Amino acid sequence: MTIRYHVTSVLNRESIRRHGLDWRRMGAARGIAGSYQPEQEGCFLAADAWERDWFVGMNNTGGPVDVWEVSGVEDGDLVQSPENFYFRPGVIPTSQIRLLQKDIEPER
């Protein structure tokens, strides 16, 4: 089974626990790159630990982040953004996610 990762503000934690990873519910906090609106109609996913840690280091949310483990997403499910990152269009249900790390403070 392929495991991927999604990095997001801790302010999104309760919404994600209830609704899964749903790009339409963005609004409690900025995106990991600092955007105030979704950049794509889906959720960005890191392919491995290195990329996950890179997204954690990018943190422009204004506060700590969580790392969610995502299962059941295969390479063919992903779309490459114009910035060369991969996202899964649509919603990723709660049955495919698990909170892996929480409250990771921004690097200074």
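Refer to the structure presented above.
Everything numeric in this text was worked out from a predicted model, so none of it was measured.

Scoring rules and cut-offs
- Residues numbered from 1 in each chain as written.
- Predicted model: local features only at pLDDT ≥ 70, side-chain atom pairs only at ≥ 80, totals over all residues.
- Heavy atoms only, no water.
- Pairing = 2+ DSSP bridges.
- Helix = DSSP H or I, 4+ residues; strand = E, 2+ residues; numbered from the N terminus.
- Axes fitted to C-alpha atoms, helices over the stretch in contact; angles between N-to-C directions.
- Contact = heavy atoms within 4.5 Å.
- Salt bridge = Lys/Arg side-chain N within 4 Å of Asp/Glu carboxyl O.
- 1 Å grid on protein atoms, 1.4 Å probe; cavity = no way out; pocket = protein on both sides within 12 Å on 5 of 7 lines; lining within 4 Å.
- Points joined across faces, edges and corners; volume = space filled by probe spheres on them.
- Nonpolar A, V, L, I, M, F, W, Y, C, P; charged D, E, K, R; others polar.

Enquirer: Tell me about the sheet that holds strand 1 (residues 3-9), and name the residues and values.
Expert: Reading across the sheet, the three strands line up as 1-3-6 and stay open at both edges, with antiparallel pairing between neighbours. Where the open sheet ends on each side, the last strands, each with one partner, are strand 1 and strand 6 (97-104). Taken over all neighbouring pairs, the strand axes of this sheet differ in orientation by 20° on average, direction set aside. Taken strand by strand, helix 2 (residues 49-58) contacts strand 1, strand 3 (65-71) and strand 6, and its axis lies near 5° from that of strand 1.

Enquirer: I'd like a rundown of the side chain of Gln96, residues and numbers included.
Expert: Mapped onto the secondary structure, Gln96 falls in the loop between strand 5 (86-89) and strand 6. Gln96 has contacts with Glu69, Val70, Ser71, Gly72 and Val73, leaving out every residue within four places of it along the chain.

Enquirer: Any chance you could break down the pattern of salt bridges for me, citing the residues and the numbers?
Expert: Tallying each qualifying case throughout the model produces eight salt bridges. Across the pair Arg52 and Asp53 runs a salt bridge, and its minimum N-O distance is 3.0 Å. A single salt-bridge network, built from bridges that share partners, covers Arg13, Asp66 and Asp103.

Enquirer: I'd like a description of the layout of surface pockets, backed by residues and values.
Expert: Here the largest pocket defines a volume of roughly 560 Å³. Along the walls of the largest pocket sit 35 residues, with His6, Thr8, Met26, Gly31 and Ile32 positioned nearest its centre. Of all the secondary-structure elements, those providing two or more residues to the lining of the largest pocket are strand 1, helix 1 (13-19), strand 2 (42-44) and helix 2. Top element by residues in the lining of the largest pocket is strand 1. It accounts for five residues. Per-class residue counts for the lining of the largest pocket are 19 nonpolar, 11 polar and five charged.

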